[in-house]
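In case you want the letters, here they are:
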Amino acid sequence: MFIRSESKKKREMRVREIMKRLDAHYGDRPMIFLEAENAWQLLFATILSAQCTDARVNMVTEKLFVKYKDLQAFVDCDLKELEEDIHSTGFYHNKAKNMKACAKALVEEYGGEVPQNIEALTGLPGVGRKTGNLILGNIYHIPSIVVDTHVKRISNRLGLADSPDPTKVEFQLMEHLPEEFWIRWNTHIIALGRTLCTSQNPKCDECYLQDLCPSSKKDPETWRPVGERKTVGKKKTAAKKTVEKKKPAAKNAGLKKVEANVAVGSRKTLAKKVSE
């Protein structure tokens, strides 16, 4: 959700102040959420992190990387056994298959090294732009922007992106953020998203960026495209109408049942009187 009246110069000043405050809270270096000793371990940890908490992934990889000491160990491992080893991270069938295939590609095509460009990285099984950019930034220190759910949401709320699509958000941020901020933007925004700028109930009153945020104290869904918000609204309205329609129908059915019982009771009473 861009600020339409904001000039390029004003936006850059605002971005620099945002980053200054983020650095004051989280430091001027990228924070580490996934524990890894080298490039391929971080790559596999990131694959495991899909729909899973970083804490859970770290618990799993602590044992996993002891059992499978190098890429060749993943190539040679039994797929079912690997699935059992990573079961608790969820989606373990696909994750195990991708990790084994990715290890094979790295060994056979890259001599056991993790490539240093986004095209090669995203060509690996189970690796998308988010994972690829994470490797480029955190391992090779190549300026790159990782867009996860927190970065997408908060960058839109801050008026530095205008799309629900992660790839579009990535390129919009590349245009609006100075390159020196690219790598640590992800980890700082994740920290902010987990503590203050949450999805449904952002704590705007407690946020140190509220005076720099065009979405402060507004509907938390404001950042979504107008068309998407309308669609959500229609669905809710339709659901409400369906419930309302069901209520009279149920009520009418109940009344008919009562009337039928009354009628039966009346006929029995009348028959009794006639027999008397």
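Residues numbered from 1 in each chain as written. Predicted model: local features only at pLDDT ≥ 70, side-chain atom pairs only at ≥ 80, totals over all residues. Heavy atoms only, no water.

## Brief notes about the overall build of the chain
- Assigned secondary structure in the chain consists of 12 helices and zero strands.
- Evaluated residue by residue, the chain yields a buried proportion of 39% over its 276 residues.
- Roughly 16,100 Å² of accessible area belongs to the chain as shown, and the carbon and sulfur atoms make up 54% of that amount. (Helix = DSSP H or I, 4+ residues; strand = E, 2+ residues; numbered from the N terminus. Buried < 20%, exposed > 50% of the residue type's maximum accessible area, 1.4 Å probe, protein only. Areas by Shrake-Rupley, 256 points an atom, 1.4 Å probe, with all protein chains shown as cover.)

## Concerning the packing of aromatic side chains
- Taken as a whole, this structure holds five aromatic pairs when the rule is applied.
- Above the plane of the ring of Phe2 lies Arg11, whose end atom (NZ or CZ) is 5.7 Å from the centre. (Phe/Tyr/Trp six-rings, centres within 6.5 Å; stacked < 30°, edge-to-face > 60°. Lys NZ or Arg CZ within 6 Å of the ring centre and 35° of its normal.)

## Quick look at the pattern of salt bridges
- Counted by the stated rule, this structure contains 14 salt bridges.
- Put simply, Arg21 and Glu17 hold a salt bridge, and the shortest N to O gap is 2.9 Å. With Arg21 and Glu17 both in helix H1 (residues 8-26) and four residues apart, this pair spans about one turn of that helix.
- The class of Glu17 is partly exposed, set by a relative accessible area of 27%.
- Note that Asp205 is salt-bridged to Lys217, the shortest N-O span being 3.4 Å. Taken together, the positions of Asp205 in the loop between helix H11 (182-195) and helix H12 (226-275) and Lys217 in the loop between H11 and H12 put the pair 12 residues apart, joining distant regions of the chain. As far as burial versus exposure is concerned, Asp205 and Lys217 are alike and both exposed.
- Among the charged side chains, a salt-bridge network with shared partners connects Glu6, Arg11 and Arg14. (Salt bridge = Lys/Arg side-chain N within 4 Å of Asp/Glu carboxyl O.)

## Brief notes about the confidence of the model for the chain
- On average, residues of the chain score 86 in pLDDT, and 80% of them reach the 70 mark or higher.
- Within the model, the stretch residues 230-244 combines pLDDT values under 50 with zero contacts to residues more than four positions away or in other chains.
- Note that pLDDT drops below 50 for residues 266-276; the model gives that stretch zero contacts with residues more than four away or on any other chain. (pLDDT = per-residue confidence, 0-100. Contact = heavy atoms within 4.5 Å.)

## Quick look at helix H6 (residues 92-110)
- Relative to the 27 Å expected for 19 residues at 1.5 Å per residue, H6 spans 25 Å between its end C-alpha atoms, a close match to the ideal helical length.
- Residue Gly111 follows H6 closely and has a positive phi angle near 60°. (Expected span 1.5 Å × (residues − 1).)

## Here we look at the side chain of Ser49
- Structurally, Ser49 can be placed in the loop between helix H2 (39-48) and helix H3 (54-67).
- At 2.6 Å, the side chain of Ser49 forms a polar contact with the backbone oxygen of Thr46.
- With residues up to four places along the chain from it excluded, the contact list for Ser49 reads Leu34, Asp54 and Val57. (Polar contact = N/O pair within 3.5 Å; in protein donor to acceptor, adjacent residues only side chain to side chain.)

## Comments concerning the environment of Pro178
- Within the secondary structure, Pro178 sits in the loop between helix H10 (166-176) and H11.
- Taking relative accessible area as the criterion, Pro178 reaches 14% and is therefore assigned buried.
- Spatially, the C-alpha atoms of Pro178 and Glu12 are 8.0 Å apart, while their sequence positions differ by 166 residues.
- Not counting residues up to four positions away in its chain, the partners in contact with Pro178 are Val15 and Arg16.

## Section: the nonpolar core
- Residues Phe44, Leu64 and Phe74 are the most contacted members of the largest nonpolar core, which totals 35 residues.
- Of all elements in the fold, only H2, H3, helix H4 (71-76), H6, helix H7 (118-122) and helix H8 (129-138) reach the threshold of two or more residues within this core.
- A per-element tally of this core places H2 first, with eight residues.
- Residue contacts for Phe74: discarding those within four places in its chain leaves Trp40, Phe44, Leu64, Phe65, Tyr68, Leu82, Met99, Lys100 and Ala103. (Core = buried A, V, L, I, M, F, W, Y, C linked by side-chain atoms within 4.5 Å.)

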